[in-house]
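Residues per chain, in single letters:
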Amino acid sequence: MRIRDWDRNLKVRLFGEALMNTTFWMFFPFMSIYFADAFGTETAGLLMIASQLFSVIANLMGGYCADMFGRKRMMVLSAYGQGAAFFVFALASSPWWSSPFVGFLCFTFAGICGAFYWPASQAMVADVVPERDRNHVFAVFYTSINISVVIGPIVGGLLYAEHRFALLLLAACSCFVMAMLLAKQLRETAPLAEVGRGDSGTTWRSFLRTQLEQYMVIVRDRVFFLFLVAGVLVAQTFMQLDLLIPLYTKETVGAETLGGWTVDGTSAFGWLIAENGLLVALCTVVVTRWMSRYSEKQAFVGSSVLYGISMWLFSQTSSLLGLMAVMALFTLAELMTAGLQQSFVTKLAPEEMRGQYFAAASLRFTIGRMLAPLSLAAAAWVGYAWTFVSLGMLALASAALYAWMFRQVGRRIERSNVSFSR
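This structure is a prediction, so every number in the text was calculated from the model and none was measured. (Residues numbered from 1 in each chain as written. Predicted model: local features only at pLDDT ≥ 70, side-chain atom pairs only at ≥ 80, totals over all residues. Heavy atoms only, no water.)

## Details of the overall build of the protein
- Assigned secondary structure in the protein consists of 17 helices and 2 strands.
- Residues counted as buried form 52% of the 422 residues belonging to the protein.
- Across the protein, the fraction of contacts at a sequence separation of at least 24, relative to all contacts at a separation of at least 6, is 85%.
- If you sum the accessible surface of the protein, you get close to 19,100 Å²; carbon and sulfur atoms cover 66% of it. (Helix = DSSP H or I, 4+ residues; strand = E, 2+ residues; numbered from the N terminus. Buried < 20%, exposed > 50% of the residue type's maximum accessible area, 1.4 Å probe, protein only. Contact = heavy atoms within 4.5 Å. Areas by Shrake-Rupley, 256 points an atom, 1.4 Å probe, with all protein chains shown as cover.)

Put into C-alpha coordinates, the structure is as follows:
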(Lines give C-alpha, C1' and ligand atoms only; values in the text may rest on other atoms or scores of the structure.)
Protein backbone atom coordinates (compact mmCIF):
# COMPACT_ATOMS: atom_id res chain seq x y z
CA MET A 1 0.00 0.00 0.00
CA ARG A 2 1.71 3.19 -1.21
CA ILE A 3 1.64 6.33 0.91
CA ARG A 4 -0.19 8.25 -1.81
CA ASP A 5 -3.03 5.71 -1.47
CA TRP A 6 -3.32 6.24 2.29
CA ASP A 7 -6.33 7.79 3.96
CA ARG A 8 -5.86 11.57 4.36
CA ASN A 9 -5.90 11.23 8.14
CA LEU A 10 -2.76 9.11 7.98
CA LYS A 11 -0.94 11.40 5.54
CA VAL A 12 -1.58 14.42 7.78
CA ARG A 13 -0.42 12.53 10.87
CA LEU A 14 2.71 11.18 9.21
CA PHE A 15 3.88 14.72 8.43
CA GLY A 16 2.73 16.30 11.70
CA GLU A 17 4.05 13.57 13.98
CA ALA A 18 7.42 13.57 12.21
CA LEU A 19 7.76 17.28 13.00
CA MET A 20 6.61 16.89 16.60
CA ASN A 21 8.77 13.82 17.27
CA THR A 22 11.90 15.41 15.82
CA THR A 23 11.65 18.49 18.02
CA PHE A 24 10.86 16.31 21.05
CA TRP A 25 13.96 14.16 20.54
CA MET A 26 16.14 17.26 20.30
CA PHE A 27 15.99 17.58 24.09
CA PHE A 28 14.42 14.39 25.51
CA PRO A 29 17.68 12.32 25.64
CA PHE A 30 19.22 15.03 27.84
CA MET A 31 16.40 15.24 30.38
CA SER A 32 17.84 12.61 32.72
CA ILE A 33 21.09 14.59 32.82
CA TYR A 34 19.17 17.82 33.47
CA PHE A 35 17.16 16.39 36.35
CA ALA A 36 20.16 14.53 37.80
CA ASP A 37 22.14 17.79 37.88
CA ALA A 38 19.20 19.60 39.47
CA PHE A 39 18.03 17.04 42.06
CA GLY A 40 20.79 14.45 42.35
CA THR A 41 20.91 11.06 40.67
CA GLU A 42 18.84 9.10 43.20
CA THR A 43 16.11 11.72 43.54
CA ALA A 44 15.95 12.15 39.76
CA GLY A 45 15.54 8.39 39.35
CA LEU A 46 12.63 8.32 41.82
CA LEU A 47 11.01 11.29 40.13
CA MET A 48 11.26 9.63 36.72
CA ILE A 49 9.62 6.49 38.11
CA ALA A 50 6.81 8.60 39.57
CA SER A 51 6.40 10.28 36.20
CA GLN A 52 5.99 6.88 34.54
CA LEU A 53 3.35 5.87 37.10
CA PHE A 54 1.24 8.85 36.10
CA SER A 55 1.76 7.92 32.45
CA VAL A 56 0.52 4.37 33.12
CA ILE A 57 -2.71 5.68 34.62
CA ALA A 58 -3.14 8.27 31.88
CA ASN A 59 -2.52 5.67 29.21
CA LEU A 60 -5.34 3.45 30.46
CA MET A 61 -7.69 6.42 30.72
CA GLY A 62 -6.60 7.53 27.25
CA GLY A 63 -7.72 4.25 25.74
CA TYR A 64 -11.13 4.54 27.37
CA CYS A 65 -11.49 8.15 26.28
CA ALA A 66 -10.49 7.32 22.69
CA ASP A 67 -13.38 4.83 22.54
CA MET A 68 -15.80 7.03 24.45
CA PHE A 69 -15.14 10.50 23.02
CA GLY A 70 -13.47 9.72 19.70
CA ARG A 71 -9.94 9.51 18.31
CA LYS A 72 -9.73 12.99 16.84
CA ARG A 73 -10.86 14.85 19.95
CA MET A 74 -8.36 13.10 22.20
CA MET A 75 -5.49 13.61 19.77
CA VAL A 76 -6.20 17.33 19.36
CA LEU A 77 -6.55 17.93 23.10
CA SER A 78 -3.39 15.93 23.82
CA ALA A 79 -1.35 17.89 21.27
CA TYR A 80 -2.54 21.21 22.74
CA GLY A 81 -1.73 19.93 26.24
CA GLN A 82 1.79 18.93 25.23
CA GLY A 83 2.31 22.31 23.61
CA ALA A 84 1.23 24.12 26.77
CA ALA A 85 3.47 21.91 28.93
CA PHE A 86 6.55 22.53 26.78
CA PHE A 87 5.82 26.27 26.65
CA VAL A 88 5.78 26.55 30.45
CA PHE A 89 8.84 24.26 30.61
CA ALA A 90 10.60 26.66 28.24
CA LEU A 91 9.73 29.61 30.49
CA ALA A 92 11.07 27.68 33.49
CA SER A 93 14.37 27.18 31.61
CA SER A 94 14.62 30.69 30.23
CA PRO A 95 17.31 33.32 30.89
CA TRP A 96 14.79 35.13 33.13
CA TRP A 97 13.52 32.25 35.25
CA SER A 98 14.96 28.86 36.20
CA SER A 99 12.90 26.26 38.06
CA PRO A 100 13.83 22.57 37.58
CA PHE A 101 10.86 21.54 39.75
CA VAL A 102 8.38 23.36 37.49
CA GLY A 103 10.25 21.84 34.56
CA PHE A 104 9.73 18.37 35.99
CA LEU A 105 6.01 19.01 36.51
CA CYS A 106 5.72 20.18 32.91
CA PHE A 107 7.70 17.18 31.67
CA THR A 108 5.36 14.87 33.59
CA PHE A 109 2.26 16.61 32.24
CA ALA A 110 3.62 16.36 28.70
CA GLY A 111 4.13 12.63 29.27
CA ILE A 112 0.54 12.31 30.48
CA CYS A 113 -0.73 14.08 27.36
CA GLY A 114 1.39 11.80 25.21
CA ALA A 115 -0.13 8.81 26.99
CA PHE A 116 -3.60 10.07 26.05
CA TYR A 117 -2.51 10.61 22.44
CA TRP A 118 -0.97 7.19 21.77
CA PRO A 119 -3.96 4.79 22.02
CA ALA A 120 -6.18 7.13 19.99
CA SER A 121 -3.55 7.43 17.26
CA GLN A 122 -3.01 3.66 17.04
CA ALA A 123 -6.74 2.94 17.03
CA MET A 124 -7.20 5.41 14.18
CA VAL A 125 -4.78 3.44 12.00
CA ALA A 126 -6.72 0.26 12.72
CA ASP A 127 -9.97 2.08 11.89
CA VAL A 128 -9.01 3.19 8.37
CA VAL A 129 -6.50 0.59 7.11
CA PRO A 130 -7.54 -2.84 5.80
CA GLU A 131 -6.08 -5.74 7.75
CA ARG A 132 -3.80 -6.86 4.90
CA ASP A 133 -2.03 -3.45 4.86
CA ARG A 134 -1.78 -2.69 8.59
CA ASN A 135 1.66 -4.22 9.12
CA HIS A 136 3.08 -2.02 6.37
CA VAL A 137 1.40 1.18 7.61
CA PHE A 138 2.47 0.63 11.21
CA ALA A 139 6.00 -0.08 9.93
CA VAL A 140 6.09 3.24 8.05
CA PHE A 141 5.03 5.15 11.17
CA TYR A 142 7.65 3.23 13.17
CA THR A 143 10.28 4.22 10.60
CA SER A 144 9.21 7.86 10.83
CA ILE A 145 9.61 7.81 14.61
CA ASN A 146 13.07 6.34 14.36
CA ILE A 147 14.20 8.84 11.75
CA SER A 148 13.25 11.46 14.34
CA VAL A 149 15.22 9.51 16.96
CA VAL A 150 18.29 9.72 14.70
CA ILE A 151 17.98 13.36 13.61
CA GLY A 152 16.67 14.86 16.87
CA PRO A 153 19.53 13.92 19.23
CA ILE A 154 22.16 14.93 16.64
CA VAL A 155 20.71 18.43 16.34
CA GLY A 156 19.93 18.56 20.07
CA GLY A 157 23.47 17.55 20.95
CA LEU A 158 24.73 20.65 19.13
CA LEU A 159 22.16 23.05 20.59
CA TYR A 160 20.95 21.71 23.95
CA ALA A 161 23.70 23.02 26.23
CA GLU A 162 23.44 26.64 25.08
CA HIS A 163 19.91 26.81 23.70
CA ARG A 164 17.63 24.66 25.89
CA PHE A 165 15.06 27.46 26.10
CA ALA A 166 14.89 27.73 22.30
CA LEU A 167 14.56 23.95 21.85
CA LEU A 168 11.70 23.73 24.34
CA LEU A 169 9.98 26.69 22.71
CA LEU A 170 10.38 25.00 19.32
CA ALA A 171 8.84 21.82 20.74
CA ALA A 172 5.88 23.83 22.07
CA CYS A 173 5.34 25.49 18.70
CA SER A 174 5.48 22.16 16.85
CA CYS A 175 2.84 20.71 19.20
CA PHE A 176 0.55 23.71 18.68
CA VAL A 177 0.98 23.46 14.91
CA MET A 178 0.22 19.74 15.11
CA ALA A 179 -2.91 20.36 17.17
CA MET A 180 -4.24 22.94 14.71
CA LEU A 181 -3.44 20.67 11.78
CA LEU A 182 -5.27 17.75 13.38
CA ALA A 183 -8.28 19.89 14.29
CA LYS A 184 -8.62 21.20 10.74
CA GLN A 185 -7.70 18.21 8.61
CA LEU A 186 -8.74 15.05 10.49
CA ARG A 187 -12.13 13.39 10.45
CA GLU A 188 -13.43 11.16 13.23
CA THR A 189 -12.95 7.43 12.59
CA ALA A 190 -14.16 5.71 15.77
CA PRO A 191 -16.63 2.97 14.71
CA LEU A 192 -20.03 3.12 16.36
CA ALA A 193 -18.74 6.11 18.32
CA GLU A 194 -21.48 8.37 19.43
CA VAL A 195 -18.80 10.96 19.97
CA GLY A 196 -19.68 12.96 23.04
CA ARG A 197 -21.95 10.29 24.48
CA GLY A 198 -19.98 10.48 27.72
CA ASP A 199 -20.12 14.25 27.98
CA SER A 200 -23.19 14.60 30.14
CA GLY A 201 -24.76 12.78 33.02
CA THR A 202 -21.55 10.97 33.90
CA THR A 203 -20.00 11.40 37.34
CA TRP A 204 -16.33 10.75 37.92
CA ARG A 205 -17.22 7.72 40.07
CA SER A 206 -19.29 6.10 37.33
CA PHE A 207 -16.58 7.02 34.82
CA LEU A 208 -13.91 5.18 36.83
CA ARG A 209 -16.22 2.26 37.57
CA THR A 210 -17.08 1.83 33.91
CA GLN A 211 -13.44 2.10 32.94
CA LEU A 212 -12.35 -0.56 35.46
CA GLU A 213 -15.10 -2.89 34.26
CA GLN A 214 -13.96 -2.47 30.65
CA TYR A 215 -10.32 -3.18 31.49
CA MET A 216 -11.27 -6.24 33.53
CA VAL A 217 -12.73 -7.63 30.30
CA ILE A 218 -9.33 -7.11 28.67
CA VAL A 219 -7.43 -8.76 31.53
CA ARG A 220 -9.68 -11.81 31.25
CA ASP A 221 -8.62 -12.17 27.61
CA ARG A 222 -6.01 -14.89 28.18
CA VAL A 223 -4.23 -14.40 24.86
CA PHE A 224 -3.91 -10.67 25.41
CA PHE A 225 -2.75 -11.14 29.00
CA LEU A 226 0.05 -13.47 27.88
CA PHE A 227 0.94 -10.92 25.20
CA LEU A 228 1.30 -8.25 27.89
CA VAL A 229 3.42 -10.35 30.25
CA ALA A 230 5.71 -11.57 27.47
CA GLY A 231 6.04 -7.98 26.25
CA VAL A 232 7.05 -6.72 29.70
CA LEU A 233 9.72 -9.44 29.96
CA VAL A 234 11.27 -8.78 26.56
CA ALA A 235 11.09 -5.02 27.17
CA GLN A 236 13.77 -5.51 29.82
CA THR A 237 16.21 -6.12 26.97
CA PHE A 238 15.52 -3.29 24.52
CA MET A 239 14.98 -0.77 27.33
CA GLN A 240 18.66 -1.27 28.22
CA LEU A 241 19.64 0.70 25.12
CA ASP A 242 19.30 3.85 27.24
CA LEU A 243 20.33 2.37 30.60
CA LEU A 244 22.80 -0.50 30.93
CA ILE A 245 24.45 -0.46 27.50
CA PRO A 246 25.77 3.14 27.69
CA LEU A 247 27.30 2.45 31.13
CA TYR A 248 28.76 -0.85 29.92
CA THR A 249 30.41 0.76 26.89
CA LYS A 250 31.72 3.65 28.98
CA GLU A 251 33.40 1.35 31.49
CA THR A 252 34.61 -1.49 29.25
CA VAL A 253 35.45 -0.07 25.82
CA GLY A 254 38.98 1.26 25.61
CA ALA A 255 40.18 3.95 23.22
CA GLU A 256 40.24 2.68 19.64
CA THR A 257 41.02 4.20 16.27
CA LEU A 258 38.38 3.47 13.66
CA GLY A 259 38.53 5.03 10.20
CA GLY A 260 40.75 7.82 11.45
CA TRP A 261 38.47 8.55 14.43
CA THR A 262 39.60 7.96 17.99
CA VAL A 263 36.68 6.44 19.88
CA ASP A 264 36.52 5.95 23.65
CA GLY A 265 33.89 4.20 25.75
CA THR A 266 31.63 7.24 25.98
CA SER A 267 31.62 8.07 22.27
CA ALA A 268 31.30 4.36 21.43
CA PHE A 269 27.73 4.43 22.69
CA GLY A 270 27.00 7.32 20.33
CA TRP A 271 28.16 5.14 17.45
CA LEU A 272 25.97 2.26 18.63
CA ILE A 273 22.84 4.38 19.03
CA ALA A 274 23.45 5.96 15.62
CA GLU A 275 23.82 2.49 14.09
CA ASN A 276 20.58 1.35 15.69
CA GLY A 277 18.67 4.40 14.54
CA LEU A 278 20.07 4.24 11.01
CA LEU A 279 19.28 0.54 10.61
CA VAL A 280 15.76 1.08 11.91
CA ALA A 281 15.19 4.02 9.56
CA LEU A 282 16.51 2.13 6.52
CA CYS A 283 15.33 -1.40 7.15
CA THR A 284 12.00 -1.37 9.01
CA VAL A 285 9.78 -1.65 5.95
CA VAL A 286 12.11 -4.17 4.28
CA VAL A 287 12.28 -6.44 7.33
CA THR A 288 8.51 -6.14 7.87
CA ARG A 289 7.90 -7.34 4.32
CA TRP A 290 10.40 -10.14 4.81
CA MET A 291 8.70 -11.24 8.04
CA SER A 292 5.33 -11.38 6.23
CA ARG A 293 6.60 -14.66 4.73
CA TYR A 294 6.60 -16.19 8.19
CA SER A 295 3.89 -16.73 10.76
CA GLU A 296 3.29 -14.34 13.62
CA LYS A 297 4.38 -17.05 16.04
CA GLN A 298 7.75 -17.41 14.31
CA ALA A 299 8.21 -13.63 14.31
CA PHE A 300 7.43 -13.07 18.01
CA VAL A 301 9.28 -16.12 19.30
CA GLY A 302 12.24 -15.55 16.97
CA SER A 303 12.53 -11.90 17.98
CA SER A 304 12.67 -12.77 21.69
CA VAL A 305 15.27 -15.48 21.08
CA LEU A 306 17.46 -13.03 19.13
CA TYR A 307 17.11 -10.47 21.94
CA GLY A 308 18.27 -13.12 24.40
CA ILE A 309 21.27 -14.08 22.26
CA SER A 310 22.27 -10.43 21.73
CA MET A 311 22.16 -9.78 25.49
CA TRP A 312 24.62 -12.61 26.08
CA LEU A 313 26.85 -11.47 23.23
CA PHE A 314 27.02 -7.93 24.61
CA SER A 315 28.69 -9.32 27.72
CA GLN A 316 31.25 -11.25 25.64
CA THR A 317 32.88 -8.35 23.79
CA SER A 318 34.34 -4.98 24.65
CA SER A 319 35.59 -3.96 21.18
CA LEU A 320 33.68 -1.38 19.19
CA LEU A 321 33.44 -3.52 16.05
CA GLY A 322 32.22 -6.46 18.09
CA LEU A 323 29.58 -4.33 19.81
CA MET A 324 28.46 -2.93 16.46
CA ALA A 325 27.99 -6.47 15.14
CA VAL A 326 25.92 -7.37 18.21
CA MET A 327 23.91 -4.16 17.81
CA ALA A 328 23.01 -5.22 14.27
CA LEU A 329 21.59 -8.47 15.67
CA PHE A 330 19.83 -6.55 18.45
CA THR A 331 18.24 -4.24 15.86
CA LEU A 332 17.10 -7.19 13.73
CA ALA A 333 15.29 -8.56 16.79
CA GLU A 334 13.62 -5.16 17.18
CA LEU A 335 12.52 -4.94 13.55
CA MET A 336 11.13 -8.48 13.33
CA THR A 337 8.00 -7.40 15.21
CA ALA A 338 8.02 -3.65 14.51
CA GLY A 339 5.07 -3.78 12.13
CA LEU A 340 3.36 -6.83 13.61
CA GLN A 341 2.64 -5.84 17.19
CA GLN A 342 -0.04 -3.22 16.60
CA SER A 343 -1.64 -5.34 13.89
CA PHE A 344 -1.78 -8.27 16.31
CA VAL A 345 -3.50 -6.10 18.92
CA THR A 346 -6.02 -5.01 16.27
CA LYS A 347 -6.94 -8.63 15.62
CA LEU A 348 -7.56 -9.22 19.32
CA ALA A 349 -9.57 -6.07 19.96
CA PRO A 350 -13.30 -5.67 19.31
CA GLU A 351 -13.93 -2.57 17.19
CA GLU A 352 -15.66 -0.70 19.99
CA MET A 353 -12.71 -1.32 22.37
CA ARG A 354 -9.71 -0.70 20.11
CA GLY A 355 -8.55 2.37 22.01
CA GLN A 356 -8.55 0.51 25.31
CA TYR A 357 -6.75 -2.48 23.88
CA PHE A 358 -4.02 -0.28 22.42
CA ALA A 359 -3.75 1.56 25.73
CA ALA A 360 -3.43 -1.68 27.66
CA ALA A 361 -0.92 -3.03 25.11
CA SER A 362 1.36 -0.05 25.66
CA LEU A 363 1.69 -1.14 29.30
CA ARG A 364 4.39 -3.47 27.96
CA PHE A 365 6.53 -0.39 27.53
CA THR A 366 5.45 1.73 30.48
CA ILE A 367 5.80 -1.12 32.99
CA GLY A 368 8.94 -2.29 31.22
CA ARG A 369 10.40 1.21 31.50
CA MET A 370 9.65 1.28 35.21
CA LEU A 371 11.37 -2.06 35.86
CA ALA A 372 14.31 -1.64 33.49
CA PRO A 373 16.45 0.53 35.84
CA LEU A 374 16.74 -2.47 38.17
CA SER A 375 19.45 -3.69 35.79
CA LEU A 376 21.71 -0.88 37.01
CA ALA A 377 21.43 -2.12 40.59
CA ALA A 378 21.98 -5.70 39.40
CA ALA A 379 25.17 -4.66 37.57
CA ALA A 380 26.48 -3.16 40.80
CA TRP A 381 25.64 -6.32 42.76
CA VAL A 382 26.63 -9.16 40.41
CA GLY A 383 28.54 -7.47 37.58
CA TYR A 384 27.75 -6.83 33.95
CA ALA A 385 28.22 -10.40 32.71
CA TRP A 386 25.59 -11.96 34.99
CA THR A 387 23.25 -9.00 34.48
CA PHE A 388 23.32 -9.44 30.70
CA VAL A 389 22.83 -13.20 31.11
CA SER A 390 19.82 -12.56 33.37
CA LEU A 391 18.33 -10.18 30.80
CA GLY A 392 18.86 -12.82 28.13
CA MET A 393 17.00 -15.36 30.25
CA LEU A 394 14.07 -12.97 30.59
CA ALA A 395 13.96 -12.67 26.79
CA LEU A 396 13.95 -16.46 26.44
CA ALA A 397 11.15 -16.63 29.02
CA SER A 398 9.17 -14.20 26.89
CA ALA A 399 9.74 -16.48 23.87
CA ALA A 400 8.25 -19.36 25.85
CA LEU A 401 5.24 -17.24 26.80
CA TYR A 402 4.71 -16.20 23.18
CA ALA A 403 4.74 -19.88 22.18
CA TRP A 404 2.16 -20.62 24.87
CA MET A 405 0.12 -17.61 23.73
CA PHE A 406 -0.12 -18.96 20.18
CA ARG A 407 -1.30 -22.31 21.50
CA GLN A 408 -4.14 -20.35 23.08
CA VAL A 409 -4.64 -18.59 19.74
CA GLY A 410 -5.08 -22.01 18.14
CA ARG A 411 -7.91 -22.78 20.52
CA ARG A 412 -9.50 -19.40 19.78
CA ILE A 413 -9.31 -20.02 16.04
CA GLU A 414 -11.29 -23.20 16.55
CA ARG A 415 -14.09 -21.10 18.04
CA SER A 416 -13.97 -18.12 15.64
CA ASN A 417 -12.79 -16.93 12.25
CA VAL A 418 -10.06 -14.57 13.53
CA SER A 419 -7.21 -14.64 10.96
CA PHE A 420 -4.13 -15.17 13.09
CA SER A 421 -1.14 -16.78 11.39
CA ARG A 422 0.41 -19.55 13.47
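## A short note on the pattern of salt bridges
- Evaluated as defined, the whole model comprises 5 salt bridges.
- Asp7 serves as the salt-bridge partner of Arg187, at 2.8 Å between the closest nitrogen and oxygen. Separated by 180 residues along the polypeptide, Arg187 in the loop between α6 (131–185) and α7 (204–219) and Asp7 in the segment before α1 (8–25) bring together distant segments of the chain.
- Taking the relative accessible area as the measure of exposure, Arg187 reaches 40% and is therefore partly exposed.
- Here Asp7 falls in the buried class, since its relative accessible area comes to 18%.
- Here Arg132 ties to Asp133 by a salt bridge, and the two come within 3.7 Å at their closest N and O atoms.
- On the basis of relative accessibility, which here comes to 70%, the residue Arg132 falls in the exposed class.
- Classification of Asp133 as buried rests on a relative accessible area of 13%. (Salt bridge = Lys/Arg side-chain N within 4 Å of Asp/Glu carboxyl O.)

## Side note on the packing of aromatic side chains
- Using the criterion set out here, one finds 21 aromatic pairs in the structure.
- When the centroid spacing of 6.4 Å and the interplanar angle of 50° are considered together, the rings of Phe138 and Phe358 count as tilted. Of this pair, Phe138 sits in helix α6 while Phe358 sits in helix α14 (residues 354–361), and the two are 220 residues apart along the sequence.
- When the ring of Phe224 is compared with that of Phe227, the centres are 6.2 Å apart and the planes differ by 35°; the resulting orientation is tilted. Residue Phe224 and its partner Phe227 are both found in helix α8 (residues 222–238); the two are separated by 3 residues, about one turn of the helix.
- Here the aromatic residues Phe238, Tyr248, Tyr307, Phe314, Phe330, Phe365, Tyr384 and Phe388 are joined through ring pairs into a cluster of three or more. (Phe/Tyr/Trp six-rings, centres within 6.5 Å; stacked < 30°, edge-to-face > 60°.)

## Here we look at the environment of Ser78
- Among the secondary structure elements, Ser78 is positioned in helix α4 (residues 71–91).
- Linking Ser78 and Ala120, residues 42 residues apart in sequence, is a C-alpha distance of 10.0 Å.
- Each residue touching Ser78, except ones within four places of it in the same chain, is listed here: Cys113, Phe116 and Tyr117.
- A distance of 2.7 Å separates a polar atom in the side chain of Ser78 from the backbone oxygen of Met74. (Polar contact = N/O pair within 3.5 Å; in protein donor to acceptor, adjacent residues only side chain to side chain.)

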